[in-house]
Amino acid sequence: MISFGNPYSSYKAYKSEIDQAIQLVINSGSYILGKEVEAFEQEFASFNNENFHAIGVANGTDAIALCLRSLGLGFGDEIITPSHTAVATVAGIEQAGCSPVFADIDPVSRCMTPKSVIQRINSKTRAIMPVHIYGQPADMPKLLEIAQDKNLEIIEDCSQTHGAEINGSKVGTFGILAAFSCYPTKNLGGTGDGGVILSETLELAEQIKSLRQYGWNNQRESVKPGFNSRLDEMQAAILRVKLKHLSEDNRKRREIADRYDEAFSSLPVTLPHRPQNQLHAMHLYVIECDQRDELLKHLRSNQVGASLHYPLAVHQHVAYSERIRGGDYLPVTENFYQKNLTLPMFPELSDEAVDKIISSVRTWFSSQ
Ligand SMILES: Cc1ncc(COP(=O)(O)O)c(C=O)c1O
């Protein structure tokens, strides 16, 4: 079976560098929040924008909660976000004590639409949390206009878009804060859990550094209630190696996407949208097709590990149904979930595997 993602192949691609980095950490005797984390934070910030600050944390869900908490947001504060995202986005919002509110998505970009965001704003709205989904940046210029006009914060969920750009600027540098997951399957993934936050201001970065470790100040006095959300040295060392190769890995992903795009352009499927002014991180290659279930069955019986990456939108999960504002009217999101199908996508996917995936998809359509 050709798997749809493959973190082990990413380890093998940089094995000697990673093995050496791990050994150095073990020999150093310093395992949590040490020199590797500091170096990763500096390198990640300068990869995105040298004026920003990065803070390593334990995972992407905590990153979201820490962003909200550092802004003083909590009980009673509403955060507008899409239901078309990982459950983690909403779990992070609730972990901070805030209330998520769902907005609908655009059928082309599959990201939250500014129009739907405006419809959801009320007197309790404090922030907008766009999710750049599958590597595709959301409409940040318009969302920023809304945020400015309504005096709201923007916190970007960049867990699926490390390295994506809009007009030459990296995603994660548009909002006041941005949360990234470094889960193993992500474009910048470790060999365990990890996350990182980008902050425009030093003040917020310092707040988050304190919150990630029990709300401590420099004297280890808890000056506010905090979390334990530390990034460990081993993951930071591995992420430093992966970061060096991230742009090249993303380029390889886009090359695979180019081959898919070309091969499927005449088929009755909707393909990922890649506008000229954006650099797509191509985290996942997701198509939409009317007979999705039949195509999925055909691909799997041909050893192609296609999948429904998200079988349900967040508002369709038992834990969230009928209790989140906005969840009762998301027609574009619901339509998308009836049709979406994810094809294998990772930088080490071989040419032969891509050939096989393409021919399996094309064979099914020509048999219809
Ligand atoms: C869009 C999105 N947000 C947040 C997260 C949370 O990340 P983590 O699994 O590291 O907590 C993920 C990862 O699954 C994600 O894809």
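Residues numbered from 1 in each chain as written. Predicted model: local features only at pLDDT ≥ 70, side-chain atom pairs only at ≥ 80, totals over all residues. Heavy atoms only, no water.

## Digging into helix 3 (residues 35–48)
In step 1: Over its 14 residues, helix 3 extends 20 Å from the first C-alpha to the last, a length consistent with the 20 Å expected when each residue adds 1.5 Å.
In step 2: Within helix 3, burial applies to Glu36, Val37, Ala39, Phe40, Glu41, Phe44, Ala45, Phe47 and Asn48. (Helix = DSSP H or I, 4+ residues; strand = E, 2+ residues; numbered from the N terminus. Expected span 1.5 Å × (residues − 1). Buried < 20%, exposed > 50% of the residue type's maximum accessible area, 1.4 Å probe, protein only.)

## Here's the deal with the pairing of strand 1 (residues 53–57)
In step 1: Burial analysis of strand 1 places 4 of its 5 residues in the buried class, the great majority of the element.
In step 2: Of the pairings in the sheet, the one linking strand 1 to strand 9 (residues 195–199) comprises 5 bridges and is antiparallel in character. Bridge pairing in strand 9 links Val57 to Gly195. (Pairing = 2+ DSSP bridges.)

## Observations regarding the environment of Ile121
In step 1: By the secondary structure assignment, Ile121 is in the loop between helix 6 (114–120) and strand 4 (125–128).
In step 2: Ile121 sits 43 residues away from Glu78 along the chain, and the two C-alpha atoms are 8.8 Å apart.
In step 3: Excluding residues that lie within four positions of it along the chain, Ile121 makes contacts with Ile80, Ile146, Lys150 and Leu152. (Contact = heavy atoms within 4.5 Å.)

## Some thoughts on the side chain of Lys170
In step 1: Following the sequence through the fold, Lys170 ends up in strand 7 (residues 169–170).
In step 2: Judged by its relative accessible area of 13%, Lys170 falls in the buried class.
In step 3: Separated by 3.0 Å, the side chains of Lys170 and Glu165 make a polar contact.
In step 4: Setting aside residues up to four positions removed in sequence, Lys170 forms contacts with Phe47, Asn48, Gly163, Ala164 and Glu165. (Polar contact = N/O pair within 3.5 Å; in protein donor to acceptor, adjacent residues only side chain to side chain.)

## Observations regarding the site of the ligand
In step 1: In the vicinity of the ligand lie 14 residues, with Gly60, Thr61, Asp157, Ser181 and Lys186 positioned nearest.
In step 2: Between the ligand and the protein, one listed contact pairs an oxygen atom with a side-chain N or O atom of Thr61 at 2.5 Å.
In step 3: Protein contact buries 89% of the 390 Å² of open area that the ligand shows by itself.
In step 4: Counting only elements with at least two residues in the shell around the ligand, the list comes to helix 4 (60–70) and helix 5 (87–95). (Near = heavy atom within 4 Å. Areas by Shrake-Rupley, 256 points an atom, 1.4 Å probe, with all protein chains shown as cover.)

## Quick look at the packing of aromatic side chains
In step 1: For the structure on display, the rule yields 10 aromatic pairs.
In step 2: Relative to Tyr310, the ring of Tyr134 lies with its centre 6.5 Å away and its plane at 25°, an arrangement referred to as stacked. Remark: Tyr310 occurs in the loop between helix 10 (292–301) and helix 11 (331–339) and Tyr134 occurs in the loop between strand 4 and helix 7 (140–150); sequence separation between them is 176 residues.
In step 3: According to the relative accessible area criterion, Tyr310 is buried, its value standing at 12%.
In step 4: Judged by centre distance (5.7 Å) and plane angle (15°), the rings of Tyr260 and Phe264 are stacked. Taken together, the positions of Tyr260 and Phe264, both in helix 9 (residues 233–264) and 4 residues apart, correspond to about one turn of that helix.
In step 5: Classification of Tyr260 as buried rests on a relative accessible area of 0%.
In step 6: Judged by relative accessible area, Phe264 falls into the buried class, the value being 1%.
In step 7: Stacked on the ring of Phe47, the Lys or Arg Lys170 has its end atom at 4.8 Å from the ring centre. (Phe/Tyr/Trp six-rings, centres within 6.5 Å; stacked < 30°, edge-to-face > 60°. Lys NZ or Arg CZ within 6 Å of the ring centre and 35° of its normal.)

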